[in-house]
Amino acid sequence: MNYCVRMTDSVLPRRAFVVNGWLAKFDAIGRTAGGINRVAYSEADLAGRAFTLDLFRDAGLAPRIDAAGNIVGRLEGTEPSLPPILIGSHVDSVTDGGNYDGPVGSFGAIEVARSLREQGVRLRHPLEVVVWQNEEGGTIGSKLAIGELTDAGLDAVARSGKTLREGIGLVGGSVEKLAGAVRTRGSVHAYVELHIEQGGTLERSKLRIGTVTGIVGLRWLDVIIDGFANHAGTTPMDQRQDALLAAARFTVAVNDTVRAEAGGQVATVGRLVASPNTRNVIPGRIELTVDLRDLDAAKLDRLEARLRQLAAEIGRASGTTFRVNQATVSAPAMADTQMMEWIDQSATALGLPSQRMPSGAGHDAQEIAHIAPMAMIFVPSVAGISHSPREFTKAEDVVNGVDVLLNAVVRADQG
Ligand code: GLV
Ligand code: MN
Ligand code: MN
């Protein structure tokens, strides 16, 4: 492994400049007063992908867009019969998000490939850099890459207002050819994703690298509550079917339910749209979202069932009706034991203190875990802030993460 560490050291100053320079330029794309807005399939997302495609080209990676709309670049290995090692992340963002969630791992992966190529280092395995489309809308690109989404699922409407079906076309994929983008079990040697931690554990512990042990499973529910829109002045208080009041009760019940037992489970009502949303009319309809997460799939089943039961009870008590639909499901995923060791060893070889830790955020890695050994490398998020315009990771931590990714790839190639 000395070989690898030496190679990393020799390009370190340039790499620090390169990846952080790319991030600084990328910050201008989709930047608004509220934060970074590169929501999948928006104009800014398309601009971000164009920027990323240029990085692939400059790195000599001759990118292609697969039928699912994922960007893929490939370095051939010395043993063409071997399955590829995959590295990458995403470049779309949440609404009013930051510039580091996704781009750090995407640009870091491009830089790893560029650095290997520039130095004439040939791995045994092919190396594929993948930038998955629409991660923030429910790991859509990686779900498509493992054949997880049904045709009916493609009619779901993304945050940009486009359906997934439309979105796939917009980013250069092809709904008719989706089967061609599916990767099967055994067709990928290993998947490694570099990402910002998005929490405060590493910073609190003064550690530089996190080796991810597992990624939470996630249930996204869309809830529609129907009451009756009526005059706010003339309808007596005991004769109302107030959908917003029911939504408020449900929101409190969601919070109480997940807090009522020990464990790391979390739930959030993050979006609420009221109709007609007017001062002097009782709200007749509410649409809201629930985001429920835990590492234990059985617990998620049980909590989801409880939330559905509470929705029905609150509906009955308030004269409203609740419809609860599952918008997205991602299963919890455990990292591969051997790959975690490669990451630990890479951090140690580079003199970077590290620890193992679970991920409370969802990632494309958890979808790819269905078909290949998976691992993730975390670098610190300042003040543990993410999905926020205040999201920030220090330049030196970005470089550390890319270093560990490079070293982990070389270990995976030999393993
Ligand atoms: C994705 O970043 C998620 O955890 O929601
Ligand atoms: Mn995110
Ligand atoms: Mn992310």
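Structure's up top.
Cut-off values and rules
Residues numbered from 1 in each chain as written. Chains lettered and ligands numbered in written order. Predicted model: local features only at pLDDT ≥ 70, side-chain atom pairs only at ≥ 80, totals over all residues. Heavy atoms only, no water. Helix = DSSP H or I, 4+ residues; strand = E, 2+ residues; numbered from the N terminus. Rg over C-alpha atoms; globule rule 2.2 N^0.38 Å. Buried < 20%, exposed > 50% of the residue type's maximum accessible area, 1.4 Å probe, protein only. Contact = heavy atoms within 4.5 Å. Areas by Shrake-Rupley, 256 points an atom, 1.4 Å probe, with all protein chains shown as cover. Lys, Arg positive; Asp, Glu negative; His and termini not counted. Charge placed at Lys NZ, Arg CZ, Asp CG, Glu CD. Near = heavy atom within 4 Å. Polar contact = N/O pair within 3.5 Å; in protein donor to acceptor, adjacent residues only side chain to side chain. Donors = N, O, S within 2.8 Å, 3.2 Å for Na, K, Ca; no water. Salt bridge = Lys/Arg side-chain N within 4 Å of Asp/Glu carboxyl O. Pairing = 2+ DSSP bridges. Axes fitted to C-alpha atoms, helices over the stretch in contact; angles between N-to-C directions.

## Considering the overall build of the protein
Argument step 1. Counting secondary structure elements, the protein contains 11 helices and 15 strands.
Argument step 2. Here the C-alpha radius of gyration of the protein, 23 Å, is about what a compact globule of 415 residues would show, namely 22 Å.
Argument step 3. The principal-axis extent of the C-alpha atoms belonging to the protein is close to 80 × 45 × 40 Å.
Argument step 4. Looking at the 415 residues of the protein, the share that counts as buried comes to 56%.
Argument step 5. Sequence separation of at least 24 residues holds for 80% of the intrachain contacts in the protein that already meet a minimum separation of 6.
Argument step 6. When the accessible surface of the protein is split by element, carbon and sulfur atoms take 52% of a total near 17100 Å².
Argument step 7. Of the charged side chains in the protein, 42 are positive and 48 negative; the average position of the first set lies 1 Å away from that of the second.

## Some words on the site of ligand 1
Argument step 1. Neighbouring ligand 1 are the residues Glu135, Glu136, Arg293, Ala361, Gly362 and His387.
Argument step 2. Glu136 is positioned with one of its side-chain polar atoms (N or O) 3.0 Å from an oxygen atom of ligand 1.
Argument step 3. One of the backbone nitrogen or oxygen atoms of Gly362 is found 2.7 Å away from an oxygen atom of ligand 1.
Argument step 4. Expressed as a share of its isolated accessible area of 190 Å², the protein-covered part of ligand 1 is 93%.

## Structural notes on the coordination of the manganese ion (ligand 2)
Argument step 1. Protein coordination at the manganese ion (ligand 2): the donors are Asp101 (OD), Glu136 (OE), Glu136 (OE) and His387 (NE2), at 2.0 to 2.7 Å from the metal.
Argument step 2. Expressed as a motif, the donor residue spacing for the manganese ion (ligand 2) is D-x34-E-x250-H.
Argument step 3. Between the manganese ion (ligand 2) and the manganese ion (ligand 3) the interatomic distance amounts to 3.6 Å, and Asp101 serves as a bridging ligand to the pair. With Asp101 in the loop between β5 (85–90) and α3 (103–118) and His387 in the loop between β15 (374–379) and α11 (395–414), the pair connects residues that are 286 residues apart, well separated along the chain.
Argument step 4. Classification of Asp101 by relative accessible area gives buried; the value is 5%.

## Brief notes about the pattern of salt bridges
Pairing is possible between side chains that carry opposite charge, provided their charged atoms lie close to one another.
Argument step 1. As enumerated under the stated definition, the model contains 21 salt bridges in all.
Argument step 2. In this structure, Glu367 engages Lys143 in a salt bridge whose closest nitrogen and oxygen atoms are separated by 3.5 Å. With Glu367 in helix α10 (residues 364–368) and Lys143 in helix α4 (residues 140–145), this residue pair connects regions lying 224 residues apart in the sequence.
Argument step 3. Note on Glu367: relative accessible area 1%, which makes it buried.

## Details of the sheet that holds strand β11 (residues 285–294)
Argument step 1. One open sheet holds the four strands; their spatial order is β10-β11-β9-β12, and the pairing between them is antiparallel. What marks the edges here is a single partner per strand, and that holds for β10 (266–275) and β12 (321–330). Between one strand axis and the next, the sheet turns by 15° as a mean value, whatever way the strands run.
Argument step 2. Bridge count for strand β9 (residues 217–226) against β11 is 10 bridges, and the pairing is antiparallel. Within β11, the residue paired with Trp220 across the bridge is Asp291.

## Some words on the environment of Asp155
Argument step 1. Considering the arrangement of structural elements, one finds Asp155 in the loop between α4 and α5 (164–170).
Argument step 2. The spacing of Asp155 and Arg165 is 10 residues in sequence and 6.1 Å in space, taken between C-alpha atoms.
Argument step 3. What Asp155 contacts, discounting residues up to four positions off in sequence, is Thr163 and Arg165.
Argument step 4. Within the structure, the side chain of Asp155 is placed 3.0 Å from the side chain of Arg165, a separation counted as a polar contact.

## Re the coordination of the manganese ion (ligand 3)
Argument step 1. Distances from the manganese ion (ligand 3) to its protein donors, His90 (NE2), Asp101 (OD) and His195 (NE2), fall within 2.0 to 2.2 Å.
Argument step 2. For the manganese ion (ligand 3), the donor residues sit on a single chain with the sequence spacing H-x10-D-x93-H.
Argument step 3. Overall, the relative accessible area of 1% leaves His195 in the buried class.

Honestly, it's all geometry; don't read function into it.
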